[in-house]
Amino acid sequence: MILIKDLKHHEGESVTLKGWLYNKRSSGKVKFLIMRDGTGLVQLIVFKGNVTPEVFETADSLGRETSFEITGNVKKEERAIGGYEVDVADLKVISESHDYPITPKEHGTEFLMDHRHLWLRSKRQWAIMRIRHRIVKAIRDFFDERDFTLFDPPIITPNAVEGTSTLFETEYFDLGSAYLTQSGQLYAEAGAMALNKVYTFGPTFRAEKSKTRRHLTEFWMVEPEVAFYDLNDDMDLAEEFLEYIVQSVLKDRAEELKILERDTSKLELVKRPFPRISYTEAVEILHKNGVDFEWGEDFGAPDETIISNQFDRPVMVHRYPAAVKAFYMKRDPENEKLALAVDVLAPEGYGEIIGGSQREDELDKLLERIKEHNLPKQYFEWYLDLRRYGSVPHAGFGLGLERTVTWICGIDHLRETIPFPRMIYRNTP
RNA sequence: UCCGCGAUAGCUCAAUGGUAGAGCAUUCGGCUGUUAACCGAAGGGUUGUAGGUUCGAGUCCUACUCGCGGAGCCA
């Protein structure tokens, strides 16, 4: 048995293929079956004179997504999808399929999401899943090749990492309430003190009632954390990282990007250096574009679009007002009102894909922040220990996987970038 | 939580307050090169739920349910 993607190496040979019926066209004494096997599509020809009456009859009765096996001769054929077709000599049904719900015509999103487990078989979803995988591989390769150690944080945690977002709560035996993690970052900081360079990569959970095309309640995040890095080192890492991911996908997933009709010229531009502007400069851009915006507020989604539209590649916005950022971010020594934070905004209006910062490494200041934010100090004792025993400057960031996949694929809703999305009004299939 | 939009055949949609329709899908028939094939025929409906106005409601009114998009929050 061979895979459809390898057919080009078997021209003139008799091969056996196993797969599912993607589509079927019939013209009297010749039938065109399109088979998919998860690696590609191929046109199968069934001529009445070339097969037994039983096989011809069977080919006529196949329903969409019937699983079956064929044997036949591979030939080059310009008119066929993929450039090759197989002249069927024998055909065996593995398991029948009738009334497959998803047809070649348009469907609404709700219907497709209800049939997500089947929708994943379609070409477009196939392309997205393969790009997602390539991005995940690029993420792992990037860090693995640069002396980072994968460091898995707990999913179940006793407290809110940032104290702001709403968390999914669960009962944890006799220890009271526990929560699903919304970030592995604080644990990654412990890892960086132990292993120098670490990254976490796993699912995170936010119980926010967000209803937008940029939000899931369960999503994947990668978070590098590095000892002795400052904000500039952090930004250097982020831009090298994004360049690596995008260029890897361009190189290895050209076919999939084409299926998605992605304008790859926009991705070709994602090369270092990326523009770096301060929050204050970003506010000036908004003012120049006629936006009524007061210094000190956080940017909304439309604001981010205006800012990122000024540039042809991801833009790094740094030094935000500390008041709108998390308690663990270090203040700018040159201006205590600012946090040493950076957000990376993707181009083409895709918004924030990275949020990062240099962390507060002084014990006294961190204690102050925890008090200011009314966080339960007892849960942060271990985190404070990192400042008690040989504290060092360190920095890191978090990259949202699904938002990155959405941007690179050039699609308009991130629910298609994860096999089974979890959203406020959907937790099935 | 707020603002806006929507719900009619399996799917995507149409239907001045006056007999609920089309394309696709399904079934049957035709076609030896089709590309979401095409041609002919057939079956398929409690118009989201409950109430109201009217001689008459898919259409107008009220409430509810569900969904979609956006805001806020964030990756």
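Residues numbered from 1 in each chain as written. Chains lettered and ligands numbered in written order. Predicted model: local features only at pLDDT ≥ 70, side-chain atom pairs only at ≥ 80, totals over all residues. Heavy atoms only, no water.

## What to know about the sheet that holds strand E5 (residues 84-95)
So the rule is basically this: By this definition, two strands are paired if DSSP reports at least two bridges between them. Helix and strand assignments come from DSSP, with helices taken as H or I runs of at least 4 residues and strands as E runs of at least 2, each series counted from the N terminus. Angular values range over 0 to 180 degrees, each being the angle between N-to-C directions of two axes fitted as lines to C-alpha atoms, with helices fitted over their stretch in contact.
Spatially, 5 strands are ordered E1-E2-E3-E5-E4 in a closed barrel, and the strand pairing comes out mixed. The mean angle between the axes of side-by-side strands here comes to 55 degrees, regardless of whether they run parallel or antiparallel. Across 7 bridges, strand E1 (residues 14-27) lies against strand E4 (residues 67-76) in antiparallel orientation. Within E4, the residue paired with serine 14 across the bridge is asparagine 73.

## Some remarks on the protein's contact with RNA strand B
Definition in use: Residues are labelled near a given molecule or strand when at least one of their non-hydrogen atoms is within 4 Å of it. A 3.5 Å cut-off defines polar contacts: any pair of N or O atoms within that distance qualifies, except that in protein one atom must be a possible hydrogen donor and the other a possible acceptor, and neighbouring residues in sequence count only when both atoms are side-chain atoms. Throughout, the ten residues Ala, Val, Leu, Ile, Met, Phe, Trp, Tyr, Cys and Pro are labelled nonpolar, Asp, Glu, Lys and Arg are labelled charged, and all others, Gly among them, are labelled polar.
In the vicinity of RNA strand B there are 47 residues, among which Asn23, Pro104, Arg206, Arg213 and Arg403 approach most closely. By atom count, sugar and phosphate contribute 48% of the portion of RNA strand B lying within 4 Å of the protein. Note that a phosphate oxygen of RNA strand B is positioned 3.4 Å from one of the backbone N or O atoms of lysine 29. Side-chain polar atom of glutamine 43 to a base oxygen of RNA strand B: 2.7 Å apart, as the coordinates give it. Looking at the surface near RNA strand B, the element that brings in the most residues is E1, giving 4 residues. Here the surface near RNA strand B is built from residues that sort into 13 nonpolar, 14 polar and 20 charged.

## What about the sheet that holds strand E8 (residues 169-171)?
A sheet is described by the order of its strands in space; here 3 strands give the open sequence E7-E9-E8, paired in antiparallel fashion. Because the sheet does not close on itself, it has two edges, and the strands there are strand E7 (156-157) and E8.

## Brief notes about the pairing of strand E10 (residues 197-205)
How we decide: Burial classes: relative accessible area under 20% of the type maximum marks a residue as buried, over 50% as exposed, and values in between as partly exposed (1.4 Å probe, protein chains only).
Burial analysis of E10 places 7 of its 9 residues in the buried class, which makes it a mostly covered element. In this structure, strand E6 (residues 149-150) lies alongside E10, joined through 2 bridges in parallel fashion. In the sheet register, threonine 149 faces E10, and the bridge partner there is valine 198. Taken together, the 9 bridges between E10 and strand E11 (residues 218-227) define a ladder with antiparallel strand orientation. Looking at the pairing, phenylalanine 201 lines up with valine 222 of E11.

## Side note on the domain arrangement of chain A
Think of interface size as the accessible area that goes away when the parts come together; that is how it is often given. Counted only if it meets this: The split into domains, and so the bounds of each, comes from an automatic or database assignment of domains. We call two residues in contact whenever any of their non-hydrogen atoms come within 4.5 Å of each other. Accessible surface is computed with a 1.4 Å probe, and the buried area is the amount of it that two parts give up when combined, taken over both parts together. By salt bridge we mean one thing: a side-chain nitrogen of Lys or Arg within 4 Å of a carboxyl oxygen of Asp or Glu.
Taken domain by domain, chain A holds domain 1 (4-95) and domain 2 (116-417). Between the C-alpha centres of domain 1 and domain 2 the distance comes to 46 Å. With 7 residues of domain 1 in contact, the opposing surface of domain 2 contributes 4 residues. The junction of domain 1 with domain 2 conceals about 430 Å² of combined surface from both sides, 48% of it contributed by carbon and sulfur atoms. Our count for the domain 1 to domain 2 interface comes out at 1 salt bridge. The shortest N-O distance in the salt bridge between arginine 121 and glutamate 65 comes to 2.9 Å. Taken together, the connections running from domain 1 to domain 2 amount to 3 residue pairs in polar contact (both at pLDDT 80 or more). Looking at the side of domain 1 that touches domain 2 residue by residue, the classes come out as 3 nonpolar, 2 polar and 2 charged.

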